[in-house]
Structures are given as C-alpha cells and as structure tokens.
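Residue strings, one per chain:
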Amino acid sequence: MSKITSAILASALLLTSVFTASAQGNKAAIMARKQVPILCYHQIRDWRPKDSKVDKDYIIPPAAFKAHLKMLADSGYHTILPDQLYDYLTKGTALPSKPIMLTFDDTDLDQFEIARPEMKKYGFKGVFFIMTVSIGKVKHYMSSAQIKQLSDEGNVIASHTWNHSNFKKLSTAKDWEIQLDKPTKKLEEITGKPVKYFAFPFGVWSEQNLPQLHKRGFKLAFQLADKRDANDPLMTVRRILDSGYWTTKNLSNSIRHSF
C-alpha cells in the first residue's frame, strides 16, 4: 500500500470517527435536555354507559377538557409547536417560559368543534395527527376543509398513518407506501404545507422500523409514555394522556412529575 493510499484511508477513518462521535454527542445532548411536557388527547366527549374503564382514559369529557386548559393558561403555560421543539432538542434554542405541547390523535370531529374554540380562547396552538382513511367519509371525523382550517389558523397537521395500523407490524414496501407515503401526500395536498411530524398509532413503535421515518424526512415522531430510545430520541418523543379521570390537580401533578 502506498503512503498516499494509507494517508487517504487514515483520513477517511478519522472523519468517520469524528462523525460518529459527533452523532453520539448530539444524541446524548438531546437526551440530557429537560423534556417538554406534551399532552395527548383523543376523543373529547361525555362518557357513555358502554365505555370501558380503559376507554375512559382516552375520552375526556368536555367540561374536564375546558377546566384543564384553563388551569394551563392560569398557571402560565405557553404552547409550543414541533418546529420549536425540534430546534430546542437539536440546537438548544430557547423556549417560552413553562412550555407545553397539546397534541390530538385520530382526526375526531370533537377536536375541531370543542378543542379548537377552547384553545383559541387562550391563544393556544396544537398538533393534529391525522389518519387519512376517515377524511370526509365518516360523520364524526374531520373533513378536508376543517383540517385545512386548523392548519391555516397556525396549528400543525401531522401524520398518523392511513388507517391507524400498528407501526411495529409494518414491513413491506407496500406497507410504507400505504401507511406513510400516501398519507403524507394527501395531507400536503390539503394544507399546502410539508408534513414533517408523525405519531405512532397506539403509541407502539419498533427500533428496526424507525429508519423508515428518517428515510422520509420526518423530523420528530411521537409515542406515548414509554422510555425514549437513547439511540434515536427524536423518533421516540414522549407524551402522556390527559386522562378523562383526572382533575386539574391530577394533571398539574402529572405534568411536573412525568417530564
């Protein structure tokens, strides 16, 4: 091997080593930053006799939802959006005092009819994770026009797959086309904006499938309360459910202790 070739190889190895160390350092820095409280909502409606005990964790009565948002506003919380969270995690960009993120899964119409006006009352913005299979087809889900209105009003529209499929079980090129590529295109057509964020249906994810999100340019992906993946913290951002059982005191305590 010539001296020139040896020098080239040595330089390449050094660059690879520096790049790897830098990448690991970035992950470590992200993991070291204080987590921002992120709340997750699904249905906002009164409980029905057929609702199970588990269902009621995911269904918050409108009166409770309104009381919880008032508590957040009265306590001085400021809502942030994913671009702000991404810059904070990756660059340490400053956030408002007492930052919090409000997220909504599954495209339910009550998010538009109840959450939207209540959020506007306090100047809050949120992130709406949309499953595209239901758009304009089922009466208790949002229409394309409503999704666009949310976006136009400064909220973020993000992906939640086509039909709420378990991310962990996706494996084929066709799966990714149906559950990621087509929904992204659909939402971008509706809003006229890029779709850069994703939430895992059921909060379920798998390490081996996370590269599929990177490949498609997603900047952050949101799970529920499980431990983050230290090797990919941007794709395993934590949230907690604002349970239908909780009082404002329960929520306040959970925000402080969960993050």
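Residues numbered from 1 in each chain as written. Predicted model: local features only at pLDDT ≥ 70, side-chain atom pairs only at ≥ 80, totals over all residues. Heavy atoms only, no water.

1. Here's the deal with the packing of aromatic side chains
Then step 1. Throughout the structure, instances matching the rule amount to twelve aromatic pairs.
Then step 2. Taking the centre distance of 5.7 Å and the plane angle of 50 degrees together, the rings of F167 and F198 count as tilted. Within this pair, whereas F167 is found in the loop between β7 (156–159) and α7 (173–191), its partner F198 is found in strand β8 (residues 197–199), the two being separated by 31 residues in sequence. Here the two residues F167 and F198 agree in accessibility, since each one is buried.
Then step 3. Ring centres of F167 and F200 lie 4.9 Å apart, and the angle between their planes is 70 degrees; on these two criteria the pair is classed as edge-to-face. (Phe/Tyr/Trp six-rings, centres within 6.5 Å; stacked < 30°, edge-to-face > 60°. Helix = DSSP H or I, 4+ residues; strand = E, 2+ residues; numbered from the N terminus. Buried < 20%, exposed > 50% of the residue type's maximum accessible area, 1.4 Å probe, protein only.)

2. Thoughts on the nonpolar core
Then step 1. Ranked by size, the top nonpolar core spans 63 residues in total, and within it L39, L72, L85, F104, F167, L213 and F222 carry the most contacts.
Then step 2. Looking at this core, the element that brings in the most residues is helix α3 (residues 62–74), giving five residues.
Then step 3. Here F167 is in contact with W176, F198, F200, V204, W205, S206, N209, L210 and L213, once residues within four sequence places are set aside. (Core = buried A, V, L, I, M, F, W, Y, C linked by side-chain atoms within 4.5 Å. Contact = heavy atoms within 4.5 Å.)

3. Considerations on the confidence of the model for the chain
Then step 1. Confidence in the prediction for the chain averages 92 pLDDT; 90% of positions are at 70 or higher.
Then step 2. Ignoring residues within four places in sequence, the model shows residues 1–24, a span with pLDDT below 50, making three contacts including any to other chains. (pLDDT = per-residue confidence, 0-100.)

4. Here's the deal with α3
Then step 1. For α3, with 13 residues, the first-to-last C-alpha span of 18 Å sits near the 18 Å given by 1.5 Å per residue.
Then step 2. Looking at the buried positions of α3, the neighbouring elements they touch are β1 (38–41), β2 (43–44), β3 (59–60), β5 (99–105), α5 (109–122) and α9 (248–258).
Then step 3. Positive backbone phi, approximately 85 degrees, marks G76, located one or two places after α3. (Expected span 1.5 Å × (residues − 1).)

5. What about the layout of surface pockets?
One water molecule sets the probe size; rolling that probe over the atoms shows where empty space is left.
Then step 1. Space inside the largest pocket adds up to approximately 280 Å³.
Then step 2. As for the largest pocket, its lining consists of 18 residues, and the residues nearest its centre are H42, Q43, Y58, D106 and H164.
Then step 3. If you add up the space inside the second largest pocket, you get close to 240 Å³.
Then step 4. Lining of the second largest pocket is provided by 14 residues; of these, N26, K27, I30, T90 and L234 occupy positions nearest its centre. (1 Å grid on protein atoms, 1.4 Å probe; cavity = no way out; pocket = protein on both sides within 12 Å on 5 of 7 lines; lining within 4 Å. Points joined across faces, edges and corners; volume = space filled by probe spheres on them.)

6. Details of the pattern of salt bridges
Then step 1. What the rule picks out here adds up to 13 salt bridges.
Then step 2. In this structure, K196 engages D83 in a salt bridge whose closest nitrogen and oxygen atoms are separated by 3.1 Å. Taken as a pair, K196 in the loop between α7 and β8 and D83 in helix α4 (residues 82–91) lie far apart in primary sequence, 113 residues in all.
Then step 3. For K196, a relative accessible area of 25% gives the class partly exposed.
Then step 4. When its relative accessible area of 34% is taken as the criterion, D83 is described as partly exposed.
Then step 5. In this structure, K174 engages E177 in a salt bridge whose closest nitrogen and oxygen atoms are separated by 3.6 Å. Residue K174 and its partner E177 are located together in helix α7, separated by three residues, close to a single helical turn.
Then step 6. Of the residues examined, K174 reaches a relative accessible area of 48% and is grouped as partly exposed.
Then step 7. The exposure class of E177 is partly exposed, given its relative accessible area of 29%.
Then step 8. Through salt bridges that share partners, D83, K196 and K219 make up one connected network. (Salt bridge = Lys/Arg side-chain N within 4 Å of Asp/Glu carboxyl O.)

7. Focus: the pairing of strand β6 (residues 126–130)
Then step 1. For β6, the tally of buried residues reaches five of five residues, placing the bulk of the element in the interior.
Then step 2. Neither face of β6 is left uncovered, since the one carrying G126, F128 and I130 and the one carrying V127 and F129 both have all their residues buried.
Then step 3. Bridge count between β5 and β6: four bridges; the pairing is parallel. Paired with D105 across the bridge in β6 is F129.
Then step 4. Chirality of the crossover, the property in question, places the unit of β5, α5 and β6 among those that are right-handed.
Then step 5. In this sheet, β7 lies alongside β6 in parallel orientation, the contact comprising four bridges. Looking across to β7, one finds that I130 is bridged to S159.
Then step 6. Between β6 and its parallel partner β7, the chain crosses via helix α6 (residues 144–152), and the hand of that crossover is right-handed. (Pairing = 2+ DSSP bridges. Right-handed = clockwise from strand over helix to strand, strands pointing away.)

8. Structural notes on empty space enclosed by the protein
Then step 1. Under the definition given, this model contains three cavities of 30 Å³ or more.
Then step 2. Volume-wise, the largest cavity comes out at about 110 Å³.
Then step 3. Counting residues per element, the lining of the largest cavity draws most heavily on α4, at three residues.
Then step 4. Of the volumes computed, that of the second largest cavity is approximately 60 Å³.
Then step 5. What lines the second largest cavity is R116, M119, K120, F124, K125, F128, L150, E153 and N155.
Then step 6. Residue contributions to the lining of the second largest cavity peak at three residues, all from α5.
Then step 7. In the lining of the second largest cavity, the residues fall into four nonpolar, one polar and four charged. (Nonpolar A, V, L, I, M, F, W, Y, C, P; charged D, E, K, R; others polar.)

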